[in-house]
Protein chains: 2
Amino acid sequence: MNSEFTARPTRPNRTDTSARASSGVSNTRETLMACMELLFFAYRDFIGDPDSMLERYGFGRAHHRVLHFVGRNPGLRVADLLVILRITKQSLAPVLKQLVDEGYVTQEAGQSDRRERHLYVTQKGMKLTDQLADLQMARIKEALESAGPDSEETLRRFLFAMIAEDERSNVARLIDGATNTGNQLTGSTT
Amino acid sequence: MNSEFTARPTRPNRTDTSARASSGVSNTRETLMACMELLFFAYRDFIGDPDSMLERYGFGRAHHRVLHFVGRNPGLRVADLLVILRITKQSLAPVLKQLVDEGYVTQEAGQSDRRERHLYVTQKGMKLTDQLADLQMARIKEALESAGPDSEETLRRFLFAMIAEDERSNVARLIDGATNTGNQLTGSTT
DNA sequence: CGAATTACGTCAGCCATGTTGACATACTTT
DNA sequence: AAAGTATGTCAACATGGCTGACGTAATTCG
């Protein structure tokens, strides 16, 4: 017994007060709570996909993040990466070293300033990076389809608004700069 | 210079091929990529709120998760918690011990089976748990409002579909059982 | 009854990922 | 020449995971 998390406790005190009363649409505490928990589980599985693939390469999430952001922003400097990932150079060092040593990422001295190390994902690296991204995008795509026709626009608005206010412009610039898809974000959320 | 992550590289190769071509609505690779990155940043800030509060108590995310799930499912057994959190008892032990020692959680031997330890969040614990949840729900609520009128339903559908297929029923049961809000999830996603 | 199983705890050792602080090195700027 | 900057590196440490092994109490099964 108790194989998965079918396991529910004997569950006492279920008196069903509050909530449910406002059977309507508005965001009750319970509804928001459900969103919270769903976000928790959704995100877990969202990272679960790439995690298992990364394992086979001896990489972790840290490697994934580096591959992703360098892949999307070729020529990124080490300092940029640190700011994006919000980690210290000491944390990045071993991860980056491994990626460079194993040929997934290359470094090039800057032209104007030769102290700078510009990072690039190699072909070998891009292959892995794409595989990882494809896994995650496939899950998102499916979920969007099952969520309805306008779900993608709604989702983007929601996620963007979830980001700390003083970070939004940075994120918008990052995404947008890398994708060159136009100004959906900065424009639509004003 | 380079204060935040204003820092963008010199950015070479921006030739703008693919994408954008299909200017329509459909989920292009670039759009999905944007969703991916937004999800990454959104989730980071979603956890950032409680993180800073937890620090003041000397707690981490692990404590938060325990408080949350025990708080929502009073009487949960240790084994249940392990399955929900997908961690080992050795990982849980120190966290749970700290919460019990400091009076945030209590344990009670089961009535029918006295080997079982049923977990309950104390009043002191509920106060903290509620504060944490309120922080996160406030962010979600705001984001939903800024995403439009039907965004909550859409979001729930999306998130639910993001969960691994063979986990959905479990999650639905968990959320639903705890909230007693009815069968929105299990019903609407079929 | 006695043996096996179960729920939980605990000890020991390991790994990944993060942190600070201090310092070295190469390069640029003043 | 001196100061500042971009990066790398060493050392020590914290957190939160993991596995394996073992103990203990309680239940269940033969």
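Residues numbered from 1 in each chain as written. Chains lettered and ligands numbered in written order. Predicted model: local features only at pLDDT ≥ 70, side-chain atom pairs only at ≥ 80, totals over all residues. Heavy atoms only, no water.

1. Section: the sheet that holds strand β3 (residues 117-121) of chain B
Residues and elements named next belong to chain B. Spatially, three strands are ordered β1-β3-β2 in an open sheet, and the strand pairing comes out antiparallel. Of all strands in the sheet, those with a lone pairing partner are β1 (76-77) and β2 (105-109), marking the two edges. Pairing of β1 with β3 involves two bridges; the strand directions are antiparallel. Within β3, the residue paired with Leu76 across the bridge is Leu119. With respect to the sheet, helix α2 (residues 61-72) is in contact with β1, β2 and β3, its orientation differing from that of β3 by roughly 100°. (Pairing = 2+ DSSP bridges. Helix = DSSP H or I, 4+ residues; strand = E, 2+ residues; numbered from the N terminus. Contact = heavy atoms within 4.5 Å. Axes fitted to C-alpha atoms, helices over the stretch in contact; angles between N-to-C directions.)

2. Some thoughts on helix α5 (residues 123-147) of chain B
With 25 residues, α5(B) extends 35 Å between its outermost C-alpha atoms, agreeing within 8% with the 36 Å of an ideal straight helix rising 1.5 Å per residue. Those residues of α5(B) that fall on the buried side of the exposure criterion are Gly125(B), Leu128(B), Thr129(B), Leu132(B), Ala133(B), Gln136(B), Met137(B), Arg139(B), Ile140(B), Ala143(B), Leu144(B) and Ala147(B). Summarising the contacts, the buried residues of α5(B) are in contact with α1 (29-55) and α6 (151-162) of chain A together with α1 (29-55), α2, β3 and α6 (151-162) of chain B. Following α5(B) by one or two positions, Gly148(B) has its phi on the positive side, about 115°. (Expected span 1.5 Å × (residues − 1). Buried < 20%, exposed > 50% of the residue type's maximum accessible area, 1.4 Å probe, protein only.)

3. With respect to the packing of aromatic side chains
By convention here, two paired aromatic rings are described through the distance between centres and the angle between planes. Counted under the stated rule, the structure contains 15 aromatic pairs over all chains. Ring plane angle 75° and centroid distance 5.1 Å describe the contact between Phe40(B) and Phe41(B), whose orientation is recorded as edge-to-face. Like Phe41(B), Phe40(B) is buried. Taken together, Tyr43(A), Phe46(A), Tyr43(B) and Phe46(B) form an aromatic cluster joined through their ring pairs. Positioned over the ring face of Tyr104(A) is Lys124(A), at 4.6 Å from the centre of the ring. (Phe/Tyr/Trp six-rings, centres within 6.5 Å; stacked < 30°, edge-to-face > 60°. Lys NZ or Arg CZ within 6 Å of the ring centre and 35° of its normal.)

4. Remarks on a negative patch on the surface
A cluster of like negative charges, contributed by Glu142(A), Glu145(A), Glu165(B) and Asp166(B), occupies part of the molecular surface. Positionally, Glu142(A) belongs in helix α5 (residues 123-147). The class of Glu142(A) is exposed, set by a relative accessible area of 55%. (Patch = residues over 30% accessible without salt bridge, like charges linked within 9 Å, V, L, I, M, F, W, Y side chains within 5 Å. Areas by Shrake-Rupley, 256 points an atom, 1.4 Å probe, with all protein chains shown as cover. Salt bridge = Lys/Arg side-chain N within 4 Å of Asp/Glu carboxyl O. Lys, Arg positive; Asp, Glu negative; His and termini not counted. Charge placed at Lys NZ, Arg CZ, Asp CG, Glu CD.)

5. Some details on the confidence of the model for chain A
Residue and element names in this part refer to chain A. Chain-level pLDDT for chain A is 84 on average; 79% of the residues reach the 70-or-more range. Note on residues 1-24: pLDDT is under 50 here. Beyond four places in sequence and across chains, it has 47 contacts. This model gives residues 179-190 a pLDDT under 50, and the stretch forms 22 contacts once residues within four places in sequence are excluded. (pLDDT = per-residue confidence, 0-100.)

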